Amino acid sequence: MATNKYDVLLYEKPNGTCPVQEFLDSLDNKMAAKMYGMIELLEENGPALRMPYSEHLQDGIFELRVKFSSNITRVLYFFYVEKKIILTNGFVKKTQKTPKNELLTAIKYRQEFLERDE
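Procedures and definitions
- Residues numbered from 1 in each chain as written.
- Predicted model: local features only at pLDDT ≥ 70, side-chain atom pairs only at ≥ 80, totals over all residues.
- Heavy atoms only, no water.
- Salt bridge = Lys/Arg side-chain N within 4 Å of Asp/Glu carboxyl O.
- Helix = DSSP H or I, 4+ residues; strand = E, 2+ residues; numbered from the N terminus.
- Buried < 20%, exposed > 50% of the residue type's maximum accessible area, 1.4 Å probe, protein only.
- Core = buried A, V, L, I, M, F, W, Y, C linked by side-chain atoms within 4.5 Å.
- Contact = heavy atoms within 4.5 Å.
- Polar contact = N/O pair within 3.5 Å; in protein donor to acceptor, adjacent residues only side chain to side chain.
- Arc of directions from axis to C-beta.

Draft legend 1. Main features of the pattern of salt bridges. In total, this model carries 6 salt bridges according to the counting rule given. The partner of Arg74 in a salt bridge is Glu63, with the nearest N and O atoms 3.4 Å apart. Linking Arg74 in strand β4 (residues 71-80) with Glu63 in strand β3 (residues 61-68), this pair joins segments that are 11 residues apart in sequence. We classify Arg74 as buried; its relative accessible area is 5%. For Glu82, the salt bridge goes to Lys84, with nearest N and O atoms at 3.6 Å. The exposed category is assigned to Glu82, whose relative accessible area is 65%. Judged by relative accessible area, which is 21%, Lys84 ranks as partly exposed.

Structure representation (structure tokens):
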């Protein structure tokens, strides 16, 4: 039986480090559990996952949104061929808008991913 789930992959830098895994590992247990649950929701729903869980930022970069107590975390990602979702980086949100440097990092990682996959 074919599954309709999406494959969620973690972006690896050319040196083998994985920024989003490092971010997830840095979260406390409750926030990490909530974020992993949100990643599962993304796996099941793909691009159909919308606000308040997911939001398109710009240039094909989306953010997965998790709030627990007064803490807010985000994981940025993009869609790729054959139902793949690539998680790029994450951060703890402290300002109203997504920090520009986090968005630029996700765009850079996507570009590196696409160049390596050609």
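Draft legend 2. Local environment of the nonpolar core. Membership of the largest hydrophobic core comes to 21 residues, with the highest contact counts inside it found for Met35, Leu64, Val75 and Leu87. When contributions to this core are tallied by element, the ones reaching two or more residues are α1 (19-26), α2 (29-45), β3, β4 and β5 (84-92). With near-sequence residues (within four places) excluded, Leu87 lies in contact with Val8, Leu9, Leu10, Tyr11, Val20, Ile39, Leu42, Val75, Leu76 and Tyr77. Residues Leu76, Phe78, Ile86 and Ile107 belong to the second largest nonpolar core, which totals 11 residues.

Draft legend 3. Representation of the environment of Asn45. Assignment of secondary structure puts Asn45 in helix α2. A sequence separation of 39 residues divides Asn45 from Tyr6, and the C-alpha atoms of the two residues are 7.6 Å apart. A polar contact of 2.8 Å, which involves the side chain of Asn45, links it to the backbone oxygen of Leu41.

Draft legend 4. Region of interest: α1. Regarding α1, the residues found buried are Pro19, Val20, Phe23 and Leu24. The buried side chains of α1 occupy one side of the element, clustering within an arc of 135° when seen end-on. Summarising the geometry of α1, the exposed residues directed more than 90 degrees from the buried face are Asp25 and Ser26.

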